[in-house]
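# Examining the three-dimensional arrangement
Listed below, chain by chain, are the residues.
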Amino acid sequence: MGLSDLRQVVEAFQLRIADLPELLTGLLQQVPAGKVTTYGDLAKALGDSVASRWVATWLLEADCPLGELSHRVVRSTGDIGLYFSGDVQQKIARLQAEGIEVTESKVNLKQHRFALTKGSMPLLELKGWQTNFVCRARPPVMLGDIRTIAGLDVSYAGNQGIAVCSRFDVDGKTLISHASICRPVSFPYITGYLAFRELPLHLELLATMQEEGTLPDLLLVDGNGRLHPRRLGIATMLGALAGIPTIGIAKKRICGTIANDLPEVGVWEPIAASQTEPNDLLGYAILPHAKTKHPQYVSLGYGVDDHLMKTMVTRCFAGHRSPEPIHAADRESRRIASTIIATGA
DNA sequence: GCGACAG
DNA sequence: ATCTTGTCGC
């Protein structure tokens, strides 16, 4: 892959990512006085009901930019729900002032629900991109060809995201160096869409490392690979777009079923897609050591086979819950985030 | 009512 | 992920 390729990949990727807060603002502005909508309806208008949690938390932020309109958003049951001021009576009063009857903290949705005009539905588009994404084939990386591996993680300070890539020797325990980058992030965290939030940071960081000639031969990414509702977690997408072998490492399970919830230390417990698809292997749960009851969730990213994945991840386990390269990147990115907060920049 | 989903 | 106080233990 040529030297300028990663810069171009970042640019092309950025163009696909919609401004969700802005689109949500436009949707809520459709709702006139005397009408209401629901968190789920707004999420569906953005293209995926899974975003309803983000819609709700965003409208509940203390400094919510839609504070003048957010009283018109209620739960799908008709329940009033919460209000950013913390005072639900204030939300009720505003609704009543707009001519909406509130009985026992509920509104009549049949009567007042506003039919939102569906726009571009950006999440539906991104979901379709994931579903139809074709990873360019490449032979799996071989153990003997790996000289350096790295962990990739992101921390946040306000709207700033700090991505860190921590390079390690192939022994999985010797830190070589950290590389970092800091950029504003506006795409929210929505289950299944993490890549659209964090991939721009990762790709820019890797582009810089590519120019310095410090790209690692294998990346451990904080997030999932194949273990994903559409089999395309951030680790897989990153690997395929950058052309670098990757493995996904998560601390919580996003989907799938595990036969044994609490595996023995060091045992690779398979995660299947579902109980009806026991042969569709998505990844593994593994307990790094006896000190914790929380397993790591490991899945194939890109350009790596099952055996090499297990070998390298096992090699990277030391005294911590996460593999050392991920742990190092996590600590370094948090350190930089605290610096940014202390400096006020 | 239950189940619950990366960062 | 971040927000948060003290507390338990190596």
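Data block above holds the structure.
Quick caveat: nothing in here was measured; it's all calculated off a predicted structure. (Residues numbered from 1 in each chain as written. Chains lettered and ligands numbered in written order. Predicted model: local features only at pLDDT ≥ 70, side-chain atom pairs only at ≥ 80, totals over all residues. Heavy atoms only, no water.)

## Concerning the overall build of chain A
Along chain A, the regular secondary structure elements total eleven helices and 13 strands. Against the globule reference of 20 Å for 345 residues, chain A gives a C-alpha radius of gyration of 22 Å, in line with a compact fold. In terms of overall dimensions, chain A has a C-alpha envelope of 70 × 45 × 40 Å along the principal axes. Taking the intrachain contacts of chain A between residues at least 6 apart in sequence as the baseline, contacts between residues at least 24 apart amount to 65%. Carbon and sulfur atoms make up 51% of the accessible area of chain A, which totals about 16000 Å². (Helix = DSSP H or I, 4+ residues; strand = E, 2+ residues; numbered from the N terminus. Rg over C-alpha atoms; globule rule 2.2 N^0.38 Å. Contact = heavy atoms within 4.5 Å. Areas by Shrake-Rupley, 256 points an atom, 1.4 Å probe, with all protein chains shown as cover.)

## Focus on the protein's contact with DNA strand C
Taken together, the residues surrounding DNA strand C are Ser-155, Tyr-156, Lys-251 and Arg-334. In this structure, a phosphate oxygen belonging to DNA strand C sits 3.4 Å away from a main-chain N or O atom of Tyr-156. Separating a phosphate oxygen of DNA strand C from a side-chain N or O atom of Arg-334 is a distance of 2.8 Å. Residue classes in the surface near DNA strand C are distributed as one nonpolar, one polar and two charged. (Near = heavy atom within 4 Å. Polar contact = N/O pair within 3.5 Å; in protein donor to acceptor, adjacent residues only side chain to side chain. Nonpolar A, V, L, I, M, F, W, Y, C, P; charged D, E, K, R; others polar.)

## Overview of the packing of helix H3 (residues 39–46) against helix H4 (residues 52–59)
Packing of H3 against H4 brings their axes to within 8 Å, and their N-to-C directions diverge by 120°. In terms of orientation, H3 lies oblique with respect to H4. As H3 packs across H4, the resulting crossing turns out to be right-handed. Of the residues in H4, those touching H3 at Tyr-39, Gly-40, Leu-42, Ala-43 and Leu-46 are Ser-52, Trp-54, Val-55, Ala-56 and Leu-59. Tallied by class, residues from the contact of H3 with H4 come to eight nonpolar, two polar and no charged. (Axes fitted to C-alpha atoms, helices over the stretch in contact; angles between N-to-C directions. Parallel < 35°, antiparallel > 145°, perpendicular 65-115°, else oblique. Left-handed = near helix turned anticlockwise from the far one by under 90°.)

## Describing the pairing of strand E8 (residues 218–222)
By the criterion of burial, E8 is predominantly enclosed, with five of the five residues buried. The alternating pattern of E8 places Leu-218, Leu-220 and Asp-222 on one face and Leu-219 and Val-221 on the opposite face, and all of these are buried. In the sheet, strand E5 (residues 148–157) pairs with E8 via four bridges, with the strands oriented parallel. By the bridge assignment, Leu-152 is partnered in E8 with Val-221. Of the strand pairs in this sheet, E8 and strand E9 (residues 246–250) are connected by four bridges, and their pairing is parallel. Bridge assignment links Leu-220 to a residue of E9, and that residue is Ile-247. As for the winding sense of the linkage, the β-α-β connection from E8 through helix H9 (residues 234–242) to E9 is right-handed. (Buried < 20%, exposed > 50% of the residue type's maximum accessible area, 1.4 Å probe, protein only. Pairing = 2+ DSSP bridges. Right-handed = clockwise from strand over helix to strand, strands pointing away.)

## Digging into the sheet that holds E9
Taken together, nine strands build an open sheet; the order of strands is E7-E6-E5-E8-E9-E13-E12-E11-E10 and the sheet is mixed. In this open sheet, the two strands that pair with only one neighbour each are strand E7 (175–184) and strand E10 (257–258). Where E10 lies against strand E11 (residues 269–274), two bridges are found, and the strand directions are antiparallel. In the sheet register, Thr-257 faces E11, and the bridge partner there is Ala-272. Each of E5, E8, E9 and strand E13 (296–302) touches H9; the most contacted strand, E13, lies at about 25° to it.

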